[in-house]
Amino acid sequence: EEHSLLLKEQEKSERLLLNILPKPIADRLKAEAATIADGFSEVTILFADIVDFTGLSSHTSPEKLVELLNKVFSMFDQLAEKHGAEKIKTIGDAYMVCAGHAEVIAEMALDMCKALDEFNQERGPSLQIRVGINSGPVVAGVIGTKKFIYDLWGDTVNTASRMESHGLAGRIQVTAESYALLRDNYTFEERAPLEVKGKGVMRTYLLTGRKVAA
């Protein structure tokens, strides 16, 4: 009986660990104490945040606000699992996810907007998100010894975040790098040259949908 209880506790701990870290990283962390850091030559990153979240929080109780965020982000978690994307973290009302293939992120972004529209129709609140996408090299790993997370660093990450913060409500903004990877299978609108904080003038595009096969 004690052995059975121990196994159940171990399984519970394993599930909790896998809710924090990707399985390969969790396995490495259990096997080695050294800092984990890897370089990846091409990753596509998505940032999304809720438009006017500050205004929403000013007239919503903390309990209702957390409940709302939980419902929206749980919906996004299901889409990440469906498409095989890796959720990295949430920061307040911002959601970050990545994948090794740009198409995975494009599909998830389109589905996120569709799912939020359906959520609004069913539950009443008129929420909108801004989505930003960029592709390129990153460094990924786990640092620290307490409350650690698997995270990504580099200019690619910063630029993806800028695509979101300089984006439009209800739209998906991508960089020229992501556009080059997606243009054969998806439709876009080119924006006027955009002045981006810390990056200067950039050419960006709005992802509008999937191309229909002939």
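The rules behind the values
Residues numbered from 1 in each chain as written. Predicted model: local features only at pLDDT ≥ 70, side-chain atom pairs only at ≥ 80, totals over all residues. Heavy atoms only, no water. Helix = DSSP H or I, 4+ residues; strand = E, 2+ residues; numbered from the N terminus. Buried < 20%, exposed > 50% of the residue type's maximum accessible area, 1.4 Å probe, protein only. Contact = heavy atoms within 4.5 Å. Areas by Shrake-Rupley, 256 points an atom, 1.4 Å probe, with all protein chains shown as cover. Phe/Tyr/Trp six-rings, centres within 6.5 Å; stacked < 30°, edge-to-face > 60°. pLDDT = per-residue confidence, 0-100. Pairing = 2+ DSSP bridges. Core = buried A, V, L, I, M, F, W, Y, C linked by side-chain atoms within 4.5 Å. Axes fitted to C-alpha atoms, helices over the stretch in contact; angles between N-to-C directions. Left-handed = near helix turned anticlockwise from the far one by under 90°. Nonpolar A, V, L, I, M, F, W, Y, C, P; charged D, E, K, R; others polar.

Trainee: Describe the overall build of the protein chain, and please don't skip the residues or the numbers.
Mentor: Assigned secondary structure in the protein chain consists of seven helices and 10 strands. Looking at the protein chain as a whole, 42% of its 214 residues qualify as buried. For the protein chain, contacts bridging at least 24 residues in sequence account for 65% of all contacts bridging at least 6. Roughly 12300 Å² of accessible area belongs to the protein chain as shown, and the carbon and sulfur atoms make up 51% of that amount.

Trainee: Explain the packing of aromatic side chains to me, using residue names and the numbers behind them.
Mentor: Applying the stated criterion to the full structure yields six aromatic pairs. Ring centres 5.4 Å apart and planes at 50° place the aromatic pair Phe73 and Tyr95 in the tilted group. Of this pair, Phe73 sits in helix 4 (residues 62-83) while Tyr95 sits in strand 3 (residues 94-99); the two residues are 22 residues apart in sequence, bridging distant segments of the chain. Here Phe73 matches Tyr95 in class, with each residue buried. Among the aromatic residues, those joined into a cluster by ring pairs are Phe73, Phe76 and Tyr95.

Trainee: Describe the confidence of the model for the protein chain, naming the residues involved and giving the relevant values.
Mentor: Taken residue by residue, the protein chain gives an average pLDDT of 87. The fraction at 70 or more is 86%. Looking at the elements of the protein chain, mean pLDDT is at its lowest for helix 1 (residues 2-20), recorded as 67, and at its highest for strand 6 (residues 172-175), recorded as 98.

Trainee: So what's going on with the environment of Gly209? Which residues, and what values?
Mentor: Considering the arrangement of structural elements, one finds Gly209 in strand 10 (residues 204-210). For Gly209, a relative accessible area of 10% gives the class buried. Along the chain, Gly209 and Ala109 lie 100 residues apart, while their C-alpha atoms are 9.9 Å from each other. Discounting residues that sit within four places of it in the chain, Gly209 has contacts with Leu110, Tyr186 and Thr187.

Trainee: Please set out the pairing of strand 4 (residues 129-142) residue by residue, giving values where relevant.
Mentor: Both faces of the sheet carry side chains from a regular strand, because those side chains alternate between them. Strand 4 sits mainly inside the fold: 12 of its 14 residues count as buried. Bridging between strand 1 (residues 36-50) and strand 4 involves 13 bridges; their strand directions are antiparallel. In the strand pairing of strand 4, Gly39 is matched with Val139. For strand 4 and strand 5 (residues 150-153), the ladder comprises four bridges, and the chain directions are antiparallel. Across the sheet, the residue bridging to Val139 is Trp153, located in strand 5.

Trainee: Now, about the nonpolar core: what can you tell me, with residues and values included?
Mentor: Taken as a class, soluble globular proteins show a tendency for nonpolar side chains to be buried jointly. The biggest cluster of nonpolar side chains holds 41 residues, and the ones touching the most others in it are Leu46, Phe76, Met112 and Ile172. In terms of residue count, helix 5 (residues 102-123) provides more of this core than any other element does, 12 residues in total. When near neighbours in sequence (up to four residues on either side) are disregarded, Phe76 contacts Tyr95, Met108, Met112 and Ile129.

Trainee: Go over the packing of helix 4 against helix 5 with me, naming the residues and quoting the values.
Mentor: Closest axis-to-axis distance for the helix 4/helix 5 pair is 10 Å, and the angle between their directions is 145°. Taken as a pair, helix 4 and helix 5 cross one another with a handedness that is right-handed. Every residue of helix 5 that contacts helix 4 at Leu68, Lys71, Val72, Met75, Phe76, Leu79, Ala80, Lys82 and His83 is listed here: Val104, Glu107, Met108, Asp111, Met112, Ala115, Leu116, Phe119 and Arg123. Along the lines of polarity and charge, the residues of the contact of helix 4 with helix 5 split into 12 nonpolar, one polar and five charged.

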